[in-house]
Amino acid sequence: MKRTAVLLLLALLAGTGARAMSIRELRTLEANEKDGKAYASYYLVGVLEGLREGVEASQRNGQKPVFCVEGRRLEPSMARSLYQTELTRNADSYEADMPVQLVMSGALRNSYRCTR
């Protein structure tokens with residue numbers, strides 16, 4: 001099942017020129033595909049892990065991170081709830097054609113503020 005989802009996501013990315021999925025596209029995927037909710041969840045996990053890796057890479061290069069985990073719990077299973085919470089809290093800030101990564105980045109910035 002996971003392999004199928006990964007292959008589907010790779011196909012989606014290849015078909016879209018490897019651009020980010022929009023909020024609207026994620027909602028459409030969830031609503032119109034047989035396993036759409038699962039595929040969307042895998043996508044959100046990938047976005048979360050990509051943003052986390054990006055922050056860790058920027059820290060290794062001496063840049064200030066946009067969010068800090070600092071020993072707090074951040075697991076892939078939390079991706080959907082972080083995304084949904086951010087969309088709910090800041091509904092007026094996001095439009096349907098904005099990338100999912102923007103929402104997830106905002107969620108991480110708001111939930112994992114740097115304290116040091």
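Shown above is the structure to which this text applies.
## Observations regarding the packing of helix 3 (residues 36-60) against helix 5 (residues 100-111)
- As a packed pair, helix 3 and helix 5 sit with axes 10 Å apart at the nearest point and diverge in direction by 60°. Taken as axis vectors, helix 3 and helix 5 run oblique relative to one another. The interaxial crossing formed by helix 3 with helix 5 has right-handed handedness. Side by side, helix 3 and helix 5 meet where Tyr43, Leu44, Val47, Leu48 and Leu51 of the first sit next to Val100, Gln101, Met104, Ser105 and Leu108 of the second.
- Of the residues contributing to the contact of helix 3 with helix 5, the split by class is 8 nonpolar, 2 polar and no charged.

## Re the state of the cysteines
- Taken as a whole and assessed by the stated rule, the structure comprises 1 disulfide.
- The disulfide bridge from Cys68 ends at Cys114, spanning 1.9 Å between sulfur atoms. When the S-S torsion is 85°, as for the bridge of Cys68 with Cys114, the disulfide is right-handed. Of this pair, Cys68 sits in the loop between helix 3 and helix 4 (79-89) while Cys114 sits in the segment after helix 5, and the two are 46 residues apart along the sequence.
- Classification of Cys68 by relative accessible area gives buried; the value is 8%.
- Cys114 gets classed as partly exposed once you look at its relative accessible area, which sits at 30%.

## A look at the pattern of salt bridges
- Tallied over the entire structure, the rule returns 6 salt bridges.
- Across the pair Arg80 and Glu30 runs a salt bridge whose closest N-O atoms are separated by 2.7 Å. In this pair, Arg80 sits in helix 4 while Glu30 sits in helix 2 (residues 23-32), placing the two residues 50 residues apart along the sequence.
- The buried category is assigned to Arg80, whose relative accessible area is 19%.

About the criteria used
- Residues numbered from 1 in each chain as written.
- Predicted model: local features only at pLDDT ≥ 70, side-chain atom pairs only at ≥ 80, totals over all residues.
- Heavy atoms only, no water.
- Axes fitted to C-alpha atoms, helices over the stretch in contact; angles between N-to-C directions.
- Helix = DSSP H or I, 4+ residues; strand = E, 2+ residues; numbered from the N terminus.
- Parallel < 35°, antiparallel > 145°, perpendicular 65-115°, else oblique.
- Left-handed = near helix turned anticlockwise from the far one by under 90°.
- Contact = heavy atoms within 4.5 Å.
- Nonpolar A, V, L, I, M, F, W, Y, C, P; charged D, E, K, R; others polar.
- Disulfide = S-S within 2.5 Å.
- Buried < 20%, exposed > 50% of the residue type's maximum accessible area, 1.4 Å probe, protein only.
- Salt bridge = Lys/Arg side-chain N within 4 Å of Asp/Glu carboxyl O.

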